[in-house]
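A structural walkthrough
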Amino acid sequence: MAEEVIAIDISGRHAMEDGTYFMICAAVEAKITGYSILSVENLVIKKKRYKNAPCLAEILDLVKETVRGMKARVLISEAGEFFNEPEWRIGSVLGKEVRYLESIGERRLQKLAHMITNETRSLLLEEP
Amino acid sequence: MRAIIVARKDPRKDISEDLEEMVVLAESAGYEVVGTLVQQRSIDRVYQIGRGKLKELKEMIEKSEAEKVIFLNKLSASQIFNLTSELKVEVIDKFNLILEIFARNAKTRKAQLQVELAKLSYELPKARVMVSLMKRGERPGFKSLGRYYDLYERDIRRRIYEIKRELSEKDRISEEVRKKRKEIGGYLVTLAGYTNAGKSTLMRRLTSKRVISDDKLFTTLSPSTAELRIKGRRVFLTDTVGFIKDLPPWMVAAFRSTMDEIFSSDLILLVVDASEDTKAIRRKLKTSHEILYENGYAGRLITVMNKIDKINEEELERKIEELGNLLHNTVAVSAVSGEGIDELLEKIYQELPKWRLYELKLPMSRDGMKLLHRLYEESHILQVSFNEWISVRLEAETGLINKIENENGVEVLEYGAG
Ligand SMILES: Nc1nc2c(ncn2[C@@H]2O[C@H](COP(=O)(O)OP(=O)(O)OP(=O)(O)O)[C@@H](O)[C@H]2O)c(=O)[nH]1
């Protein structure tokens, strides 16, 4: 069955040479089924620098900012993105229903989001 | 056979789902589960569970007249030995149970070899311990077997080698058959899903009243594959071993080629038992999706909600609603009553690569007849008439027509979309 969801991915969990963190968060809003991506409706990418490794609250702020204005009710991600906290806890902070990856359709969309953050980060880091 | 299920759980770990699954597995292996026993504690090296619990288990066995004990935890050889000596009934673990189920379903020579290979791979590390325990004289009758262990381990190794050789020969042949099936425009469909979902029953139902090829090349080599024709299109349907959560690597290795067959098919019918509660279906769908994704499956998918004869329409609708995000291309059927089967066949047909409609003229000659024969094999003939030439109206794959067009005396008048 078709459902509209937002896939979240964050790249840059490892410190850079100078010890700071450069993170890219992508939110991809799309219509998916349990197996495939039907259409991509919306894409937002945010970048942010941190002096120290960001804590959960900071990650949640970044995600909130990225998905602002997106209307899909469900947000999907890997559990590790939110420090393996229970879905309902993360959901209540973000004001969305959070679901860690279950279906192939969700995994495919998540992979798309992941490729976007990875590539974006590499490109931005290459800039002079 | 009456069996008791035993589990030792680490503190704070929730094993209720695993336990539920174990009961279902045991039942599908033909056991009557007469009791379950759970203990929360750290592992006991001798018995896996504590001495007090062992006593309780012994009493339970006597009372219920159970003939077998099945552990959720993986047991070491010495634990099996100690437990058997103490309880006086057969003791197996989850992996032995899974192997029993696979063995029950292994109807082909290849499947039987795979099961044996998995069994032996599991036995091998145990052989040494088992024999040294026996040699210690704890079991009379084994004392004199001085070199038993060496022999035993060597025998197992030799047998593993033989099986692997036979299997690789079999794999080579089935690979060729698969290629051939694709070449003649066949479409490879696999039934996948958890054990007990009803795959075999559905397979029988789908192939029962359809025209089944008596082409021996295709049926004898792999009896778990059957051919059916849907509106003239050839579909090769294969039944497979059931998915089970967290299969250990040695087991996956033994069934590798069968698994690869699933992951390289054109279409998977993912079968679930719709009469189970939503939580169980969800868990199984999740695991199935995970397995398919991790193995890079990229074909098409139909979700089959089976056994709808056991539930009412309202319940079915509610479950479909609740399972929403895990569903794709869903069709509800009963393999037993036949309800929904036509719809499923239509869905399979919709997934087939589109063929086009053609009108051909073949020369009225031996060569022309040969071509006609080939077309009967590889396309869907709608009409044939014989005049000065043979005119044929058919649905076919473009590639086939391109090949035939180059033959002497053949004329192709394209007709339109199929
Ligand atoms: N009521 C009902 N029972 C069914 C249906 N389909 C299958 N069953 C029953 O479910 C049980 C399991 O069916 P199988 O076809 O052996 O299941 P399977 O998926 O092939 O199982 P494995 O071979 O263990 O992987 C059998 O007792 C079947 O009779 C159905 O549509 N309705």
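Scroll up to find the structure this text is about.
Residues numbered from 1 in each chain as written. Chains lettered and ligands numbered in written order. Predicted model: local features only at pLDDT ≥ 70, side-chain atom pairs only at ≥ 80, totals over all residues. Heavy atoms only, no water.

1. Here we look at the sheet that holds strand β5 (residues 97-100) of chain A
Residues and elements named next belong to chain A. Taken in spatial order, the five strands of this open sheet run β3-β2-β1-β4-β5, and their pairing is mixed. Here the strands that pair on one side only, and so sit at the sheet edges, are β3 (37-50) and β5. The mean angle between the axes of side-by-side strands here comes to 25°, regardless of whether they run parallel or antiparallel. Note: strand β2 (residues 21-32) against β3, twelve bridges, orientation antiparallel. Across the sheet, Glu-29 pairs through a bridge with Asn-42, a residue of β3. In this fold helix α2 (residues 87-94) packs onto β4 (74-77) and β5, with an angle of close to 145° to the strand it touches most, β5. (Pairing = 2+ DSSP bridges. Helix = DSSP H or I, 4+ residues; strand = E, 2+ residues; numbered from the N terminus. Axes fitted to C-alpha atoms, helices over the stretch in contact; angles between N-to-C directions. Contact = heavy atoms within 4.5 Å.)

2. Some points on helix α1 (residues 16-28) of chain B
All names here are of chain B. Between its terminal C-alpha atoms α1 stretches 19 Å, which fits the 18 Å expected from 13 residues at 1.5 Å a residue. When α1 is considered as a whole, its buried residues turn out to be Leu-19, Glu-21, Met-22, Leu-25, Ala-26 and Ser-28. Against the buried residues of α1 lie β1 (2-9), β2 (32-40), β3 (68-71), α4 (94-105) and α11 (278-294). Once α1 finishes, Gly-30 follows within two positions and takes phi at roughly 100°, a positive value. (Expected span 1.5 Å × (residues − 1). Buried < 20%, exposed > 50% of the residue type's maximum accessible area, 1.4 Å probe, protein only.)

3. Remarks on the sheet that holds strand β4 (residues 90-93) of chain B
Where strands meet in a sheet, backbone hydrogen bonds hold them as pairs that are either parallel or antiparallel. Residues and elements named next belong to chain B. With parallel pairing, the four strands of this open sheet are ordered in space as β2-β1-β3-β4. Two strands in the sheet have a free side with no partner beyond their single neighbour: β2 and β4. Looking at each pair of strands side by side, their axes are set apart by 20° on average, direction ignored. With four bridges joining them, β3 and β4 adopt parallel strand pairing. Residue Ile-70 lies in a different strand from β4, and its bridge partner there is Ile-92. Running over the sheet, helix α2 (residues 51-64) touches β1, β2 and β3 and is turned about 170° from β2. The sheet strands contacting α4 are β3 and β4, and the helix crosses β4 at an angle near 90°.

4. Description of empty space enclosed by the protein
Residues and elements named next belong to chain B. For the coordinates displayed, the defined rule picks out three cavities of 30 Å³ or more. A volume near 50 Å³ is recorded for the largest cavity. As for the largest cavity, its lining consists of Arg-178, Arg-181, Leu-188, Val-189, Thr-190, Thr-225, Phe-236, Thr-238, Glu-261 and Ser-265. Only α6 (148-183), β5 (187-193) and β7 (233-239) provide two or more residues apiece to the lining of the largest cavity. No other element matches β5, which puts three residues into the lining of the largest cavity. When grouped by side-chain class, the residues that make up the lining of the largest cavity number three nonpolar, four polar and three charged. (1 Å grid on protein atoms, 1.4 Å probe; cavity = no way out; pocket = protein on both sides within 12 Å on 5 of 7 lines; lining within 4 Å. Points joined across faces, edges and corners; volume = space filled by probe spheres on them. Nonpolar A, V, L, I, M, F, W, Y, C, P; charged D, E, K, R; others polar.)

5. Section: the layout of surface pockets
Residue and element names in this part refer to chain B. Of the voids in this model, the largest pocket is the one considered here, and its volume is about 1,200 Å³. Around the largest pocket sit 49 residues that line it, and Asn-105, Lys-107, Ser-224, Asp-239 and Thr-240 are the ones nearest its centre. Listing elements by their share of the lining of the largest pocket, those giving two or more residues are α4, α5 (109-138), α6, α7 (199-208), β6 (225-230), β7 and α10 (256-263). By residue class, the composition of the lining of the largest pocket is 15 nonpolar, 21 polar and 13 charged.

6. Examining unusual backbone geometry
Residues and elements named next belong to chain B. The backbone of Lys-231 shows a phi angle near 45°, a positive value even though the residue is not glycine. The backbone of Lys-307 sits at a positive phi, close to 65°, despite the residue not being glycine. Mapped onto the secondary structure, Lys-307 falls in the loop between β9 (300-306) and α12 (313-323). Residue Lys-307 is classed as buried on the basis of its relative accessible area, which comes to 17%.

7. A few points about the site of the ligand
All names here are of chain B. Surveying the vicinity of the ligand reveals 17 residues, the closest of which are Thr-195, Lys-199, Ser-200, Thr-201 and Asp-309. A distance of 3.1 Å separates an oxygen atom of the ligand from a polar atom in the side chain of Asn-306. Summarising the interface, the protein chains cover 75% of the accessible area of the ligand, which totals 650 Å² for the free molecule. When residues of the shell around the ligand are assigned to their parent elements, the largest contribution, three residues, is made by α7. Of the residues in the shell around the ligand, the class split is four nonpolar, nine polar and four charged. (Near = heavy atom within 4 Å. Polar contact = N/O pair within 3.5 Å; in protein donor to acceptor, adjacent residues only side chain to side chain. Areas by Shrake-Rupley, 256 points an atom, 1.4 Å probe, with all protein chains shown as cover.)

8. Quick notes on the pattern of salt bridges
Should the charged atoms of two oppositely charged side chains come close, the side chains can pair. Following the criterion strictly, the structure yields 37 salt bridges over all chains and no others. Close ionic contact of Glu-169 of chain B with Arg-172 of chain B constitutes a salt bridge, the shortest N to O distance being 2.8 Å. Of this pair, Glu-169 of chain B and Arg-172 of chain B both sit in helix α6, three residues apart, which is roughly one turn of the helix. Between Asp-273 of chain B and Lys-307 of chain B there is a salt bridge, and its shortest N-O distance comes to 3.2 Å. Of the two residues, Asp-273 of chain B sits in strand β8 (residues 267-273) while Lys-307 of chain B sits in the loop between β9 and α12, which places them 34 residues apart along the sequence. Lys-307 of chain B shares its class with Asp-273 of chain B; the two are buried. What you see here is one network of salt bridges that share partners, running through Glu-3, Arg-73, Glu-97, Arg-99 and Glu-106 of chain A. (Salt bridge = Lys/Arg side-chain N within 4 Å of Asp/Glu carboxyl O.)

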